[in-house]
Amino acid sequence: MSKLIFNQAKSFSTMSFALFVFFSVFTFHSLASVTLSKQLSVIYRDYKGTHTVSGKKVSDHTFRYNLTAPKQVDVTTLEWQPYIGQSLCKQGWVMQAVIALLHSQNYGATVTFYPWARAVANAENGKVDILVPEYFIEPEAPSDTLPGTRRLDHLTLTEPFGWGPIALYKRRDYNTDHFTSLGALADERIGVVRGYQNTPEFDRLMDAGKFNVIEAVDDAHNIRLLMAGRVNLIIGDPEVIEMEIAALSQANNATSQTKNLVMVDPILQMNGLFFAVSKHNKYGKTLLFELNQAIAEFKKHGIMEEIKYNTAKSCE
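Residues numbered from 1 in each chain as written. Predicted model: local features only at pLDDT ≥ 70, side-chain atom pairs only at ≥ 80, totals over all residues. Heavy atoms only, no water.

Draft legend 1. Up close: the overall build of the protein. A count of helices and strands for the protein gives 9 helices and 13 strands. Taken over 316 residues, the protein has a buried fraction of 47%. Taking the contacts inside the protein whose residues are at least 6 apart along the sequence as the reference set, 70% of them involve residues at least 24 apart. Per element, the accessible surface of the protein, about 16,400 Å² overall, is 56% carbon and sulfur. (Helix = DSSP H or I, 4+ residues; strand = E, 2+ residues; numbered from the N terminus. Buried < 20%, exposed > 50% of the residue type's maximum accessible area, 1.4 Å probe, protein only. Contact = heavy atoms within 4.5 Å. Areas by Shrake-Rupley, 256 points an atom, 1.4 Å probe, with all protein chains shown as cover.)

Structure below.
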């Protein structure tokens, strides 16, 4: 009898432990889902009132916003912190702005994060409707995806919805006294991210073969090229580069190396941030018109600045 009671107690104890584990895991996943849901929600205010747009993660790198909207678009983007990123608080102010602008025109969006070259290829091939954020594209800029064509044969830019700086970076001990203009950097070894637009002047010189260019897959790779001495300069957004430098420093315990990287003053220019709408979308002209309409309204009423401020404030 005592053995039976012991076995029953043991079974009860095992069952209790199993239930504890189940409910703990269930609670953890529920809390994680709630947290993720809050992270994905987009809140903005316009003259019609305050809007909350719900988002949902549907696969490893894909998110859907405003699933019940009458119009849906496919959007491709990249990891480009601190502007936009899957793991960023609220996925960054650019994501907040993109979803708000689309929502204001009754669009829902499926947003997928890719390496930039693939993101560009998907937009130029017409596999998605929108590529964002994009810099200004020079009229004669060649397509890396479809040889013999120009990028603007496949994409149309909206008006800019935001701005960001762009600059050159170097190793601290590298002498840039000869840098009086971009033209003075002829034959200079410069790291660029494949598929990125930079500045119109820089891209014209690069496309003409004036620089000795090495292509990186992303900004972090570009920084590693500079640290390793494979290039003497890299070009990019200082906010992005500084964030990547900090991440590399932590991950690789390379503080001394990363501290050796400095921006070349002054910045080259402030770059506009655009939506690039695929010309292969038969409704592309309508989408372009509606996005420009939304951007104008957001600028007029200060909505874009409020989105940036609220994103930064809620993510402190």
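Here the narrative resumes.
Draft legend 2. Quick look at the environment of T76. Mapped onto the secondary structure, T76 falls in strand β5 (residues 71–77). T76 gets classed as buried once you look at its relative accessible area, which sits at 0%. A C-alpha to C-alpha distance of 8.0 Å links T76 and V120, two positions 44 residues apart in sequence. Contacts of T76, omitting those with residues within four sequence positions, involve T112, Y114, A119, A123, V128, I130, L131 and V132.

Draft legend 3. Region of interest: the pairing of strand β13 (residues 261–278). As paired elements, strand β7 (residues 130–134) and β13 share 3 bridges and run antiparallel to each other. Bridge assignment links L131 to a residue of β13, and that residue is A276. Two strands pair when backbone bridges link them, and strand β8 (residues 155–157) and β13 are joined in this way by 3 bridges, in the antiparallel orientation. The residue of β13 that forms the bridge with L155 is S278. Pairing of strand β9 (residues 162–171) with β13, which is carried by 9 bridges, proceeds in the antiparallel orientation. Bridged to G162 within β13 is L273. (Pairing = 2+ DSSP bridges.)

Draft legend 4. Representation of the nonpolar core within the structure. Counting residues in each nonpolar core, the largest one holds 70 residues, and the members touching the most others are Y65, W80, I99, L102, I130, F161 and F275. No other element matches helix α2 (residues 92–104), which puts 9 residues into this core. Residues contacting F161, with those up to four places away along its chain left out, are W93, V94, L101, V132, P133, L273, F274, F275, I295, K299 and M304. Formed by 12 residues, the second largest nonpolar core is a distinct cluster that contains A216, I234, I245 and L261. (Core = buried A, V, L, I, M, F, W, Y, C linked by side-chain atoms within 4.5 Å.)

Draft legend 5. Region of the structure containing the packing of α2 against helix α8 (residues 284–300). α8 packs onto α2 with a crossing angle of 110° between their chain directions and a minimal axis gap of 9 Å. By the angle between their axes, α2 is roughly perpendicular relative to α8. For the pair α2 and α8, the sense of crossing is right-handed. Across from A100, L101, L102 and S104 in α2, the residues of α8 making contact are L287, L291, A294, I295 and F298. By residue class, the composition of the contact of α2 with α8 is 8 nonpolar, 1 polar and no charged. (Axes fitted to C-alpha atoms, helices over the stretch in contact; angles between N-to-C directions. Parallel < 35°, antiparallel > 145°, perpendicular 65-115°, else oblique. Left-handed = near helix turned anticlockwise from the far one by under 90°. Nonpolar A, V, L, I, M, F, W, Y, C, P; charged D, E, K, R; others polar.)

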